[in-house]
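For reference, the chains in residue letters:
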Amino acid sequence: QVQLVESGGGLVQAGGSLRLSCAASGRTLSNYAMGWFRQAPGKEREFVAGIRRSGTTDYADSVKGRFTISRDNAKNTVYLQMNSLKPEDTAVYSCAAKSTAWSSLPRVIDEYDYWGQGTQVTVSS
C-alpha cells in the first residue's frame, strides 16, 4: 500500500507561482511512475504532468514551459512547480503512483495504482 498526501495548494493571483508536494508513505516512490492530474468543476480529470522511474517527464500541452515535475526519491516526495499561473489552471490537483516499467508513464488516472485526495489551486484574475 502507498499513501499519498498532497500539499501546497492555495489562492494565487494570475502570473504567480505555487509548488505542490506529494509525500508518500508505505513504499518507496523510486519503484513508481508518478503523475499529477487536475479536475476543474464541471470538467473531466486531465493529465497535467508525469515522471517516469527513469526520471524523464511528460507534460500536457497546456502547461508546457510553465510547470515542472520533479522527484526526490530520498524524501519519497514528488513536486509540481507551477509558474505563470492562469485562471484556467484553477482545479483540484491530485498525484498518483503507478508500479510500472522503467520507461512507462500512463496518462489516464484509472491506470494508476494509488492516488491522493488532492489539493485545491485557485488562480484569480
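(A) Geometry of the overall build of the protein. Along the protein, the regular secondary structure elements total 0 helices and 11 strands. When its helices and strands are written in sequence order, the protein yields β-β-β-β-β-β-β-β-β-β-β. Here the protein has a C-alpha radius of gyration of 13 Å; the compact-globule value for 125 residues is 14 Å, and the two agree. Its C-alpha atoms put the protein at 40 × 25 × 25 Å along the principal axes. For the protein, buried positions account for 46% of its 125 residues.

(B) Up close: the packing of aromatic side chains. Taken as a whole, this structure holds 3 aromatic pairs when the rule is applied. A centroid spacing of 6.3 Å and a plane angle of 65° characterise the contact between Y32 and Y114, whose relative ring orientation is edge-to-face. One end of the pair, Y32, is in strand β4 (residues 32-39); the other, Y114, is in strand β10 (residues 114-115), and 82 residues separate them in sequence. Y32 gets classed as buried once you look at its relative accessible area, which sits at 5%. Arranged with centres 5.4 Å apart and planes meeting at 80°, the rings of F37 and Y112 form a pair that is edge-to-face. Residue F37 is found in strand β4, and its partner Y112 is found in the loop between β9 (91-99) and β10; the two are separated by 75 residues along the sequence. Classification of Y112 by relative accessible area gives buried; the value is 4%.

(C) Structural view of the pairing of strand β8 (residues 77-82). In terms of burial, β8 is largely enclosed, as 5 of its 6 residues are buried. Bridging between strand β3 (residues 18-25) and β8 involves 6 bridges; their strand directions are antiparallel. Opposite L20, over in β8, you have L80 as the bridge partner. Note: strand β7 (residues 67-72) against β8, 6 bridges, orientation antiparallel. Each bridged residue has a counterpart across the sheet, and for T68 the counterpart in β8 is Q81. A loop of 4 residues connects β7 with β8, the two strands running antiparallel in sequence, and N76 in this loop sits at a positive phi of about 55°.

(D) View of the nonpolar core. Among the nonpolar cores identified, the biggest contains 31 residues, and L4, M34, W36, L80, M82 and Y93 are the most heavily contacted of them. Grouped together as the second largest cluster of nonpolar side chains are 7 residues, A33, F47, L105 and I109 included.

(E) Spatial organisation of the sheet that holds β8. Taken in spatial order, the 4 strands of this open sheet run β1-β3-β8-β7, and their pairing is antiparallel. The open sheet terminates on both sides in strands that have one partner only, identified here as β1 (3-7) and β7. Ignoring strand direction, the axes of neighbouring strands in this sheet form an average angle of 15°. Bridge count for β1 against β3 is 5 bridges, and the pairing is antiparallel. From the neighbouring strand, V5 faces β3, where its bridge partner is A23.

The rules we used
- Residues numbered from 1 in each chain as written.
- Predicted model: local features only at pLDDT ≥ 70, side-chain atom pairs only at ≥ 80, totals over all residues.
- Heavy atoms only, no water.
- Helix = DSSP H or I, 4+ residues; strand = E, 2+ residues; numbered from the N terminus.
- Rg over C-alpha atoms; globule rule 2.2 N^0.38 Å.
- Buried < 20%, exposed > 50% of the residue type's maximum accessible area, 1.4 Å probe, protein only.
- Phe/Tyr/Trp six-rings, centres within 6.5 Å; stacked < 30°, edge-to-face > 60°.
- Pairing = 2+ DSSP bridges.
- Core = buried A, V, L, I, M, F, W, Y, C linked by side-chain atoms within 4.5 Å.
- Axes fitted to C-alpha atoms, helices over the stretch in contact; angles between N-to-C directions.

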